[in-house]
Amino acid sequence: MDRVEDGSRLVTEAGATMNEIVGSVRRVSDIISEITAASSEQSDNIGQISQSVSQLDQMTQQNAALVEQSTAASESLRDQANQLTQAVSQFKLSDADAVRPLATGEGVSASVARTRAVPAVKQASALQLR
C-alpha cells in the first residue's frame, strides 16, 4: 500500500508540475504575443517616420529651387536697376530740381513726372495765347 500511496503522491506531484509547466508556457506565449504587437507597432511608427523624412526631403528640395529662383530674380532686378540708372543718368536736371525731391521727400517718379509735365504745360499755355 505504501507503494500505491507513493505512486499516487508522485502522480499528484507530476500533475502539479505539469500544470506549472502549462502555466509557464501560457505566460511565455502571452509575452511573445506582446512582443509581436510591440514590434508591429514599432514597424508602423518607423514607416510613418520614413514617410515624414521623405516629405521633409521634398520640401527641402522645393525650398532650394525657390531660393535659386529668388536669386535669379534678384540678379535680374539688379541688372534692370542698373539699366534704369543708366537711362535716367541721361537726363539733366537743374540744381534746384536735383535738390528739391530730396528736401520735399518726393520720389524719383514724382520728380520725373513733374519734369515731363512742365513742357506740356508750357505748350498748352502757348496754344491758349494764340
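Treat the numbers as computed from the prediction; the structure is a model and nothing was measured. Within each chain, residues carry numbers counting from 1 in the order of the written sequence. Residue-level local features of this predicted model are given only where pLDDT is at least 70; pairs of side-chain atoms are given and counted only at 80 or more, and the full residue set underlies all totals for whole chains, interfaces and linings. Derived side-chain values reflect all non-hydrogen atoms in the structure, with water molecules and hydrogen atoms excluded from consideration.

Colleague: So what about the overall build of the chain? Which residues, and what values?
Modeller: Under the scheme used here, helices are H or I runs from DSSP no shorter than 4 residues and strands are E runs no shorter than 2 residues, and both carry numbers assigned from the N terminus. From N to C terminus, the chain includes 3 helices and 0 strands. Counting helices and strands in the order they occur from the N terminus, the chain gives α-α-α. The rule is simple: take the accessible area with a 1.4 Å probe, protein chains only, and divide by the maximum for that residue type; under 20% is buried, over 50% is exposed, in between is partly exposed. Looking at the 130 residues of the chain, the share that counts as buried comes to 2%. Using a 1.4 Å probe, accessible areas were evaluated by the Shrake-Rupley method; residue-level cover was limited to the displayed protein chains. As presented, the chain carries roughly 11500 Å² of accessible surface, and 58% of it is formed by carbon and sulfur atoms.

Colleague: Can you explain the pattern of salt bridges? Please cite residues and give values.
Modeller: Salt bridge, as applied in this entry: a Lys or Arg side-chain nitrogen positioned within 4 Å of an Asp or Glu carboxyl oxygen. All told, the structure shown has 2 salt bridges when counted by the stated rule. Of the charged contacts in the structure, one is a salt bridge between Arg9 and Asp6, with a shortest N-O distance of 3.6 Å. Linking Arg9 with Asp6, this pair stays in helix α1 (residues 2-88), spanning 3 residues, or about one helical turn. Under the relative-accessibility criterion, Asp6 is labelled partly exposed at 39%. When the shortest N-O distance is used, the salt bridge between Glu13 and Arg9 registers 3.1 Å. Remark: Arg9 and Glu13 occur in helix α1; sequence separation between them is 4 residues, near one turn of the helix. Residue classification places Glu13 among the partly exposed residues on the basis of a relative accessible area of 40%. By relative accessible area, which is 44% here, Arg9 ends up partly exposed.

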